[in-house]
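Listed here are the chains, written in short residue letters.
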Amino acid sequence: MTYILVAGNPAVTELVAAAAKLGSPVTAVVVGSQAVVDAVNAPGVDAITWLGDPGAAGAEAYASQVAQLVAAAPGVVFGGRHPGERVLLGAAAAALDAPVITSASEIATDGGSTVVTHGVYGGIAVETLAFSGPVAFLLEGGAPLAGGGSAAVQQVAGAPAGVTVTGLEPPATKAANIAGAARVVGVGRGLKSADDLPLVQGLADAFQAELACSRPVAEGLEWLPKDRYVGISGTQIAPDVYLMVGISGQIQHMGGCKGAKVIVAVNSDKDAPVASEADYVLTGDLYALVPALTAALQGAS
Ligand SMILES: Cc1cc2nc3c(=O)[nH]c(=O)nc-3n(C[C@H](O)[C@H](O)[C@H](O)COP(=O)(O)OP(=O)(O)OC[C@H]3O[C@@H](n4cnc5c(N)ncnc54)[C@H](O)[C@@H]3O)c2cc1C
């Protein structure tokens, strides 16, 4: 059995595609409204188990019910990287004592095992793992499903655990979208001070790019929020152009921008690791080069 978890967001085409490759019947387990159930009832979904509309309860309130379903008919469980699905998948996996894989590159079945390959050590090696029991996968999600299927919907009544959403506030700062941005300007420890961030933000604005950073800039220095750092432990980006300013290009950072079509680096050290990774390298002081680039881009627009 293969399961897809949907907790309010039917943007799960990637999950359906991954589930189809395993060759087992696909059951969507839905925590959400009737409209979500209707959207998820799409080609590729064989059955739907509807746990109900959570109302003020958090999606994770249904974790033990999801775990019971999977324990009764064990299999692979897919969830999307949406807030509800992430927390429900994690809590259900904990209840099942199942591993959660967040970076699988290939997923297949071999006899009774689920075989997974994923990059390790910043992408310099590929590890293959075989799991004999239930295993949970967090994938990006994909585009929204839009109904048109003929899956049988089974409504399972059950009391959610005592988790209630007591407040919902928009974040104080705009959420970053560096993963989906066509242009990204990243800043690293080559910047001397947080006071100098407007310099790089000005370049990003002139380039119509999202501002990103290396991990130390977000964790440790905390000049930018954590959702803006690129890398194996941060966000994976795949822009048309990634302009790296004062970032050395360590393997853990470059593992997060392998999908970039063109990489341009501004670095004072001609021998920095990034020099052998970037398509174009501007060797020099960022404090001279960034204003010049910004002015050139402003002049070009
Ligand atoms: C398990 C693990 C996971 C990690 N995951 C991540 C991750 O996901 N993402 C990540 O980014 N890092 C990650 N790191 C950290 C990573 O190893 C590097 O330490 C980090 O990427 C370095 O950040 P940086 O390039 O900004 O700083 P530095 O390495 O200090 O580089 C600064 C660069 O700026 C240049 N520079 C200095 N002054 C100037 C100037 N005036 N003009 C132009 N250039 C200048 C220098 O030549 C240098 O190349 C991880 C580390 C570990 C151990």
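A quick note: this is a predicted structure, and the numbers were derived from the prediction, not measured.

### Quick word on the overall build of the protein chain
For step 1, the next point in the chain: Helices and strands together make up the secondary structure of the protein chain, namely 8 helices and 15 strands.
For step 2, the next point in the chain: If you line up the protein chain on its principal axes, its C-alpha atoms span 65 × 45 × 35 Å.
For step 3, the next point in the chain: Sorting the 301 residues of the protein chain into buried and exposed places 44% on the buried side.
For step 4, the next point in the chain: Relative to all contacts within the protein chain whose residues are 6 or more apart in sequence, the contacts with residues 24 or more apart total 60%.
For step 5, the next point in the chain: As displayed, the protein chain offers around 14,400 Å² of accessible surface, 54% of which is attributable to carbon and sulfur atoms.

### So, the domain arrangement of the protein chain
For step 1, the next point in the chain: What the domain assignment reports for the protein chain is domain 1 (2–155) and domain 2 (183–300).
For step 2, the next point in the chain: Taking only C-alpha atoms, the centre of domain 1 and the centre of domain 2 are 35 Å apart.

### What to know about the environment of serine 105
For step 1, the next point in the chain: Counting through the fold element by element, serine 105 comes out in strand 6 (residues 104–110).
For step 2, the next point in the chain: Spatially, the C-alpha atom of serine 105 lies 5.0 Å from that of histidine 118, the residues being 13 residues apart in sequence.
For step 3, the next point in the chain: When near neighbours in sequence (up to four residues on either side) are disregarded, serine 105 contacts Thr117 and His118.

### Quick notes on the environment of lysine 261
For step 1, the next point in the chain: You can see lysine 261 is positioned in the loop between helix 7 (251–254) and strand 14 (262–267).
For step 2, the next point in the chain: As for lysine 261 and valine 16, which are separated by 245 residues in sequence, their C-alpha atoms are 28 Å apart.
For step 3, the next point in the chain: When residues no more than four places from it in sequence are discounted, the contact partners of lysine 261 are Pro239, Asp240 and Asp279.
For step 4, the next point in the chain: Here the side chain of lysine 261 touches aspartate 240 through a polar contact of 3.0 Å, side chain to side chain.

### Observations regarding the site of the ligand
For step 1, the next point in the chain: Taken together, 25 residues sit near the ligand, with Arg189, Ser214, Ser233, Ser248 and Asn267 positioned nearest.
For step 2, the next point in the chain: Between the ligand and asparagine 267, the relevant distance is 2.7 Å, taken from an oxygen atom to a side-chain nitrogen or oxygen of the residue.
For step 3, the next point in the chain: Leucine 286 places a main-chain nitrogen or oxygen 2.8 Å from a nitrogen atom of the ligand.
For step 4, the next point in the chain: Within the complex, 73% of the 980 Å² of free accessible area of the ligand lies under protein.
For step 5, the next point in the chain: Among the detected pockets, the ligand sits in the second largest pocket.
For step 6, the next point in the chain: Sorting the residues of the shell around the ligand by element identifies helix 6 (215–218) and helix 7 as the ones contributing at least two each.
For step 7, the next point in the chain: Considering only residue class, the shell around the ligand consists of 7 nonpolar, 14 polar and 4 charged.

Quick notes on the rules
- Residue indices begin from 1 for each chain and proceed along its sequence in written order.
- Thresholds applied to this predicted model are a pLDDT of at least 70 for local features of residues and 80 or more for the giving and counting of side-chain atom pairs; totals over whole chains, interfaces and linings are not thresholded and use all residues.
- Note: side-chain values were computed over all heavy atoms of the structure, leaving out hydrogens and water.
- Segments assigned H or I by DSSP are reported as helices when at least four residues long, segments assigned E as strands when at least two residues long, and all are numbered from the N terminus.
- Buried means the residue's accessible area, taken with a 1.4 Å probe over protein chains only, is under 20% of the maximum for its type, while exposed means over 50%, and partly exposed covers the values in between.
- Contacts are assigned to residue pairs with any non-hydrogen atoms lying within 4.5 Å of each other.
- Each accessible area value is a Shrake-Rupley result obtained with a 1.4 Å probe; residue values ignore everything except the protein chains displayed when judging cover.
- Residue ranges labeled as domains rest on an automatic or database domain assignment.
- In protein, a polar contact means a hydrogen-donor-capable atom and an acceptor-capable atom, both N or O and within 3.5 Å, with residues adjacent in sequence counting only if both atoms are side-chain atoms; elsewhere, any N or O pair within 3.5 Å suffices.
- By convention in this text, a residue qualifies as near a molecule or strand provided that one of its non-hydrogen atoms is within 4 Å of it.
- Within this scheme a cavity is a closed region of a 1 Å grid, computed over the protein atoms alone, that accommodates a 1.4 Å probe without allowing it to escape, whereas a pocket is open but has protein on both sides within 12 Å along at least five of seven lines; lining residues each have an atom within 4 Å of a point.
- A molecule is said to be in a cavity or pocket once over half of its atoms fall within 2 Å of that pocket's grid points.
- Residue classes follow a fixed rule: Ala, Val, Leu, Ile, Met, Phe, Trp, Tyr, Cys and Pro count as nonpolar, while Asp, Glu, Lys and Arg count as charged, and any other residue, Gly among them, counts as polar.

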